[in-house]
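# Analysis of the macromolecular model
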Amino acid sequence: MNSVRLLVGTRKGAFILTSDGKRKQWTVDGPHFGGWELYHLKGSPVDPDRIYASQTSSWFGQVIQRSDDGGKTWNPPGTKPEDLMGADGMPKGESNMFLYDVSEKTGKPLTTHQHYDGSQRPWEFKRVWHLEPSLTDPDTVYAGVEDAAIFKSIDGGTTWTELAGLRSAKGQLWQPGAGGMCLHTILLDENSPDRIFVAISAAGTFRSDDAGQTWKPITKGLLSQYGLPDPDAEVGHCVHCITMHPSRPNVLFMQKHWDVLRSDNGGESWQEISGNLPSDFGFPIAVHAHEPNTVYVVPIKSDSEHYPPEGKLRVYRSKVGGNEWEALTKGLPQQDCYVNILRDAMAVDQLDPCGIYFGTTGGQVYGSADGGDNWAPIVRDLPAVLSVEAQTL
Amino acid sequence: MVRVVLPQHLRTLARVSGEVTLDVTGLVTIDSMLDALETRYPMLRGTIRDHMRRRRRPFIRFFACEQDLSHEPPDTPLPEAVMTGAEPLLIVGAMAGG
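Every value quoted in this text rests on a predicted model; they were computed, and no experiment measured them. (Residues numbered from 1 in each chain as written. Chains lettered and ligands numbered in written order. Predicted model: local features only at pLDDT ≥ 70, side-chain atom pairs only at ≥ 80, totals over all residues.)

### As for the interface of chain B and chain A
Counting residues at the interface gives 17 residues for chain B and 17 residues for chain A. It is helix α1 (residues 8-14) of chain B that contributes the most residues to the side of chain B that touches chain A, 3 residues altogether. Here the residues of the side of chain B that touches chain A are counted per class, giving 7 nonpolar, 7 polar and 3 charged. (Contact = placed C-beta atoms within 7 Å. Helix = DSSP H or I, 4+ residues; strand = E, 2+ residues; numbered from the N terminus. Nonpolar A, V, L, I, M, F, W, Y, C, P; charged D, E, K, R; others polar.)

This is the structure:
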């Protein structure tokens, strides 16, 4: 029988939750990297035992960790004893070095972005928000970072190179939102290996069709009337999360700061599908593993009240690709619940029936083994959950 | 031989326990000690000094001989007791909440 491994990043460490295919009994392993913020962990689709983790700290900066045995042991890539010295005799250990490209050819003309006061500020690396392993090569992995940029490693996370063309997509107009100017979503398309989608808080969403060399904003149809007076603005939209089903890579779903949207043409244009949601503010959005038209969101009351409306924790599911939503409540607290669910903290497994999982800022991880009809807490008292990824083994 | 005491999280990252001893050639300064430390433990690069400017990260402090040396220029010679190994350089994670 298949099993499921959840990779949970929290404010104070990482946890690995495992279960058999029934998904009733879970074991909790951790904390790994106790005391550090684990923004995101994700396994390679072609080698699930290879897991990349973003370990970060206000004190000690960024560390990238990698496991090659399913999370049992970890190393910063390039720092195993046998890796310590390069061919030139110099020590390695550059896996946490994210240097923006300032070469004449690529990054130098655009090394500033807009600050809150309207001035231009140089890009300054703060942390890795999201790691996206390649769909075909376990040594290739992308990193979405703050200040917003995308980096690529082709040596298992040992060294990183910025795909600086992204900053040419009107980067001088990007400015940070309250959560920082972070690149938090990276979508790869198994049908088109050169196509990459990214989303950036308070900047928008972007697409590359040449493996990350050039990018364009894909925000037509997004309206942010309380943040952007120009209805045709290409950048400045606060996109919280985007997702797609691999069988339909031209169909994208988006949770924006306000509004849930859908694109049927690879992001060329978007239509609102908020429909009957009690609030269209939220952070994560996910698609069912086997039903490309079944979408999940977790409505949050407002951009200043980061908790569920009426204190009722409800996942909303649309089986028709949006506009018509049903509340999923069985097993979820329906009173006095004031947690938040962050953008990378919801995931689905590949089993049938599909399992869906999410973590809260209150430290609970909830799971449903039947596509959202019934829920149960897997673990209740972790540190605030930043991210959840599901691996089907 | 000079001595360095790392904060707990960096000891874990470097997989060491207790003090670290280093051979530093030439003048013993904050920078030369950190150069030696990072050569021996490459995984610590970027955790004490940032990669770009190689300056002390904001919530890192350097103490030695009951003095706070955090704001000294990084090429300032360290106290004699540190140079001789009688006293360690303490690399400290600042008390900053969290």
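### Looking at the sheet that holds strand β10 (residues 141-146) of chain A
Residue and element names in this part refer to chain A. Strand order in the open sheet formed by 4 strands is β9-β10-β11-β12, with antiparallel pairing between adjacent strands. Each edge of the open sheet is held by one strand with a lone partner, namely β9 (127-133) and β12 (161-162). Relative to strand β11 (residues 149-153), β10 runs antiparallel, the two sharing 5 bridges. Across the sheet, the residue bridging to Val145 is Ala149, located in β11. (Pairing = 2+ DSSP bridges.)

### Considerations on the sheet that holds strand β23 (residues 315-318) of chain A
Residues and elements named next belong to chain A. Spatial ordering of the open sheet is given by β21-β22-β23-β24, a layout of 4 strands whose pairing is antiparallel. Since the sheet does not close on itself, it has two edges, and those belong to β21 (285-287) and β24 (326-328), each with one partner. When strand polarity is set aside, the average angle formed by the axes of neighbouring strands in this sheet is 30°. In this sheet, β23 lies alongside strand β22 (residues 295-297) in antiparallel orientation, the contact comprising 3 bridges. Residue Val295 lies in a different strand from β23, and its bridge partner there is Ser318. (Axes fitted to C-alpha atoms, helices over the stretch in contact; angles between N-to-C directions.)

### Considerations on the environment of A:Val128
Residue and element names in this part refer to chain A. Tracing the sequence through the fold places Val128 in strand β9. Separated by 74 residues in sequence, Val128 and Ser54 place their C-alpha atoms 6.1 Å apart. When sequence neighbours within four positions are dropped, the list of residues in contact with Val128 reads Tyr39, Ser54, Thr56, Gln62, Ile64, Ala143 and Val145.

### Examining the nonpolar core
Residues and elements named next belong to chain A. Membership of the largest hydrophobic core comes to 134 residues, with the highest contact counts inside it found for Val8, Val198, Ile200, Met346, Tyr357, Val365 and Val388. Sort the elements by how many residues they give to this core and strand β14 (residues 196-200) lands first, with 5 residues. Contact partners of Val388, with chain neighbours within four places excluded, come to Leu6, Val8, Ala345, Met346, Ala347, Tyr357, Phe358, Gly359 and Val365. (Core = buried A, V, L, I, M, F, W, Y, C linked by C-beta atoms within 7 Å. Buried ≥ 20, exposed ≤ 12 C-beta atoms within 10 Å, placed from the backbone.)

### So, the environment of A:Gln175
All names here are of chain A. On the secondary structure map, Gln175 appears in the loop between β12 and β13 (183-188). Judged by C-beta crowding, with 18 C-beta atoms within 10 Å, Gln175 ranks as partly exposed. A sequence separation of 79 residues divides Gln175 from Asn96, and the C-alpha atoms of the two residues are 24 Å apart. The residues contacting Gln175, other than those within four sequence positions of it, are His113, Gln114, His115, Tyr116, Met181 and Ala202.

Nothing here speaks to function; it is all geometry.
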